[in-house]
Structure formats: structure tokens, C-alpha cells
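One-letter residues, chain by chain:
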Amino acid sequence: MHTIDLIRKTRDRLPLTEAEIHFLVTGAATESIPLEQLAAWLMAARLNGLALDEIRSLTLAMRDSGVRFDPRPLNQSAVDKHSTGGVGDKTSFLVAPIAAACGLIVPMISGRALGHTGGTLDKLEAIPGFRTALSLSEFEAVLRHAGAAIVSQTPDLVPADRVLYALRDRTGTVESPGLICASILSKKLAAGLDALVLDVKTGSGAFLRDPAEAEFLAALLVSTAEAAGTRAVALLTDMGQPLGYAAGNWIELVEAVELLGNQRNPGSEDLRELSLQLAAWMIHLGGQASSPRHGYALAEATLHNGSALDRFLAMVTAQGGDASVFDRAPSFHRPGATHTLTAAQSGWIAALDTTALGWAVQRLGAGRETAGAPVDPHAGIRFHHRRGDRLQQGDPFATLYATRADLFPEAIDLIQSAIQWSDTPPQPVPLVHSILDRARAQAILASRS
Ligand code: URA
């Protein structure tokens, strides 16, 4: 087989066979296909889309591109949650320890910053010493100790996603339902999960902004996971504004730890509510609660009694991190430069272009320009206001933390252009739009074929 023939087929909208997809994925995993050819194929797939059979073959070939984790020796249900990517989305730091505190194990294989969205691994690596590239035996040891572990793809674990994920980040090929589905599920299925909760974002900060496209992605994810033997449900959730008050690396961890410690902040209420709803489904599908409602009550109790915070700190320590850093969080935060951005006019914040806000966060230093480049753990934005708030001209809207002061002008332009002002208050937007199970997913896919 020749890679050029496969690129030409996808370019010309001809479906690839399972063997051809296997060839591409093996070439990505072993780095035997040059990056320029992989990038060309990704762009063809992004522009022309992939057929359902191609998406299923791609997902399974990527899952099998390395070793797979077997959670069965741990004798507990293995559950996880994965989001399709958002701004300020730090629910993983809440749901993983909450589910662990409810008697489940959470073997989470996660990702780095992608496009305008932040990366769970980049955020965790803001903790001094924290290691995300663990061997399978280290992964298992952390799970035995803390019940939750959050790790990266490695040359052994889903290596195809390791290569393709980083390449998509740099080539404008992220926004594709098929590529997103294969990327997410290859990691989740390689972790041997019993159940998976998918947080599919919709709105101005989602990779797929159009609600119908987001629903299609949710259906793809649920039906592909179920066909591979993992119970799955998807929540379609709002990404029309950043989740919580912080977007960046270290500052997102601080916000999550505040909530784990049962501190309430009006700017974090959407984050708390979404985390509890996602955790509720994890706990229910994992067999620890008779209904999501029961799961919600169990999840909330772990915030009140401190058991989720204990699990989180145990995980940080077991992965080599210095958990004491959370005791001195304000003095640990040392951004290169700080700037307070004030409202350019008076009025209600009617809507936000959350993709532009995400790019502002990345450009302040929280994201990378080239694969493998370091990110700034201290960079990010603290938002003082949200959609629906009324501001007077000159009120502080956000505090920006950057590596260097010369990074502010671009970020400020992005933020100012992201705010849509109005003379009247906007209609509230629900946090969770709908919930998709297997039957609904199959009905959606059938209606499109
Ligand atoms: N998360 C992933 O792991 N992959 C994507 O493509 C998008 C979100």
C-alpha cells in the first residue's frame, strides 16, 4: 500500500477499507509515514468527512495501536468522562476524584491543549513534579492507591492518537466529527472502561458550534462506544461561555480544588453543577447508584465530607506531584505579567465568542505554537463577569496573566471582539441541553444515513 493513494482516495471522497485505515494508523503510531502525508490525509478527512464504517475502523485501529490497560484485576467498575473540548473546562479534576470516592476506579487517559481549548495534562503539569507519562504498572499502582489516575498517551499507550492529536493541533484539522470521535474513543476504549460519560460541547466555544453537528458527534460517540462494549451516555452541554471563572493552567486547578474543598464562588457555580451532573451519570452507570439522581446525591456528599478532595490529593502525590502547593496557592502563582481588562462600554453581556476567548488564553502563553513546546503554567484569564451580567464602562471584566507583557495586545483585541453588548438582558441558556443514550444515538445516525 502507498500512503499517497490513500490521501488521493479520501481527497476524492472514496471510502477507505479497514485494511487501508489500519495501514495509515500503524504508520502514524510507528512514525513511519511522514508527518506531511499524515497532515494531508487529516485535511482531506476534515474537509470531506469520513463514512461511519471508516470512523469505526479508525477508532478501533487507533485503540489497538499500542497496549491496552486491563482494569479487571482492580475488581471495581472502571468509569470515565471525556469532553469534546472547551474553555475553562476543568470538570475532570472534580469528576475523577468524586467517582473514586464513590467506590469506582477512573483510569483517565487525557490530552493536551488542542486548538483554542485547554489540555487536562498541561494543567496538571503546573503542579511541580506531577508526571503524566506513566507505565501501565505505575498507572495501576496509582489507581490502587487513589482510585483515579490521569495520564497521557505514550509511545506504548494509544501512540497513534499521540501523533495525530499533536498534528491536528498544528494543522487546523481538529473540527471534524470523525476525527474527534476516533481520538476520544481510542483513548477511552484502550483504558478498558465499563462505562463512559461524554460531555459534548455546543455553542460558541465548541469545536462543532452548530447544535445539529454537536448532536451528530454525540450520537457517533455513544453508538461507537456501545458497539465496542462500553456503556455510554452523552450530555450535550453549553460552551457559550467559559466554564467557571478561570481559564488557563494553574489557575484552573486552584478553582477545581476550591470546589473539592466545598468552597462556593458564584463564578464557579456552572462548573460545580456540570461536574455533579457528569459524576452522577458515572456513578449510576458504574453501578453505585440506582439512578443519576441518586448518583448526584452521592457525588455532592463527597464534596461536603472532603472525601473527593482527599482522593484528588492522593492522586497528585501518587503521580509525583507536590500537593502542598495547594496550601500556598496564591504565592505559587507567579505570572510574568498581569493586566486588568475593563469594560469598554456599559451594558449587558449578551453573548461571548468563547473560541476567541480560548485563543486569548492560549496566546497569553497557556498553549503552544509548536508540538512539544513547553506551556506557561501561570498564564491564563480570570473572568470577573459572565454572560447576562450588567457592567458599567470601566468595571473590571477580566484579569490576564501572561508570560510577558508584549503578549497582552493580541489577547486584549481577541477578548474585546468576543464580547457582544446589549441594552437588554439576554435570555438564560441551559447548562445541559439534552442527554443521549444508545437508542437515541442510533435513531440520530439512522436519520442521517
Ligand atoms: N478530545 C480529544 O481527546 N480529542 C479530540 O479530538 C477532541 C477532544
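Here, the structure is the one placed above.
S.K.: Please give an account of the site of the ligand that cites residues and values.
M.R.: Taken together, the neighbourhood of the ligand is formed by His82, Ser83, Thr84, Leu114, Tyr165, Arg168, Ile180, Ser183, Ile184 and Lys187. Take Ser183: an N or O atom from its side chain is 2.7 Å from a nitrogen atom of the ligand. Within the side chain of Lys187, an N or O atom sits 2.6 Å from an oxygen atom of the ligand. Coverage of the ligand by the protein amounts to 96% of the 240 Å² it exposes when considered alone. Broken down by secondary-structure element, the contributors of at least two residues to the shell around the ligand are strand S1 (79-83), helix H8 (159-171) and helix H9 (177-190). A total of four residues in the shell around the ligand trace back to one element, the largest contributor, which is H9.

S.K.: Describe the packing of aromatic side chains, naming the residues involved and giving the relevant values.
M.R.: Geometry of an aromatic ring pair is reported as the spacing of the ring centres plus the angle between the planes. Per the counting criterion, the structure on display carries six aromatic pairs. Summarising the aromatic geometry, the rings of Trp250 and Phe326 are spaced 5.2 Å apart at their centres and angled 25 degrees between planes, so their arrangement reads as stacked. A residue pair is termed long-range when its members are at least 10 positions apart, and Trp250 in helix H11 (residues 250-260) and Phe326 in the loop between helix H14 (307-318) and helix H15 (329-332) qualify at 76 residues. Taking relative accessible area as the criterion, Phe326 reaches 13% and is therefore assigned buried. Note on Phe383 and Phe397: the rings are 6.0 Å apart at their centroids and 70 degrees apart in plane angle, and the pair reads as edge-to-face.

S.K.: Go over empty space enclosed by the protein with me, naming the residues and quoting the values.
M.R.: With the rule as written, the count across this model stands at five cavities of 30 Å³ or more. Space inside the largest cavity adds up to approximately 310 Å³. Surrounding the largest cavity, 27 residues form its lining, His82, Ser83, Gly85, Gly118 and Tyr165 being those nearest its centre. Contributions of two or more residues to the lining of the largest cavity are made by S1, strand S2 (106-109), helix H6 (120-124), H8 and H9. Classifying every residue of the lining of the largest cavity gives seven nonpolar, 13 polar and seven charged. There is about 80 Å³ of room inside the second largest cavity. Secondary-structure elements contributing two or more residues to the lining of the second largest cavity are H6, strand S6 (246-248) and helix H16 (354-366). Ranked by the residues each element gives to the lining of the second largest cavity, the list is headed by H16, at four residues. Here the residues of the lining of the second largest cavity sort into five nonpolar, ten polar and three charged. Each of domain 2 (72-327 + 431-448) and domain 3 (333-422) accounts for three or more of the residues forming the lining of the second largest cavity.

S.K.: Which residues make up the nonpolar core, and what are the values?
M.R.: Residues Trp41, Trp250, Phe397 and Leu400 are the most contacted members of the largest nonpolar core, which totals 156 residues. Those residues in contact with Trp250, other than ones at most four positions away along the chain, are Ala126, Ile127, Val325, Phe326, Ala329, Phe332, His333 and Pro377.

S.K.: So what's going on with the pattern of salt bridges? Which residues, and what values?
M.R.: Taken as a whole and assessed by the stated rule, the structure comprises 29 salt bridges. In this structure, Glu213 and Arg448 form a salt bridge, with 3.6 Å as the shortest nitrogen-oxygen distance. Of this pair, Glu213 sits in helix H10 (residues 211-227) while Arg448 sits in helix H18 (residues 438-448); the two residues are 235 residues apart in sequence, bridging distant segments of the chain. We classify Glu213 as partly exposed; its relative accessible area is 24%. The partner of Glu215 in a salt bridge is Arg440, with the nearest N and O atoms 3.2 Å apart.

Rules behind the numbers
Residue positions within a chain follow its written sequence, with the count starting from 1. A pLDDT threshold of at least 70 governs which residues receive local features in this predicted model, and a stricter bar of 80 or more applies before side-chain atom pairs are shown or counted, although totals over entire chains, interfaces and linings include all residues. Only hydrogens and water are removed before side-chain values are computed, so all heavy atoms of the structure are retained for them. Nearness of a residue to a molecule or strand requires only that one of the residue's heavy atoms be within 4 Å of it. Throughout this description, a polar contact denotes any pair of N or O atoms lying within 3.5 Å of each other; where both atoms belong to protein, one of them has to be capable of donating a hydrogen while the other can accept it, and for residues adjacent in sequence the pair is counted only when both atoms sit in side chains. Surface exposure here means Shrake-Rupley accessible area, sampled with a 1.4 Å probe, where a residue is shielded only by the protein chains that are shown. By the criteria applied, helices consist of DSSP H or I runs no shorter than four residues and strands consist of E runs no shorter than two, each listed in order from the N terminus. Working definition: rings of Phe, Tyr and Trp (its six-membered ring) pair if their centres are within 6.5 Å, and the pair is stacked with planes under 30 degrees apart, edge-to-face with planes over 60 apart, and tilted otherwise. In this scheme, a residue with accessible area under 20% of its type's maximum is buried, one over 50% is exposed, and one in between is partly exposed, where area comes from a 1.4 Å probe on protein chains only. Here the term cavity refers to a set of points on a 1 Å grid, laid over the protein atoms alone, in which a 1.4 Å probe fits but cannot get out; the term pocket refers to an open set having protein on both sides within 12 Å along at least five of seven lines, with lining residues being those that place an atom within 4 Å of a point. Grid points are joined across faces, edges and corners, and a volume is the space filled by probe spheres set on the points. Residues were grouped as follows: Ala, Val, Leu, Ile, Met, Phe, Trp, Tyr, Cys and Pro as nonpolar; Asp, Glu, Lys and Arg as charged; and all remaining residues, including Gly, as polar. The source of the domain bounds is an automatic or database domain assignment. Residues enter a nonpolar core if they are buried and are Ala, Val, Leu, Ile, Met, Phe, Trp, Tyr or Cys, with the set joined through side-chain atoms within 4.5 Å. The contact rule is simple, with two residues in contact once any of their heavy atoms fall within 4.5 Å. Salt bridge criterion: a side-chain nitrogen from Lys or Arg within 4 Å of a carboxyl oxygen from Asp or Glu.

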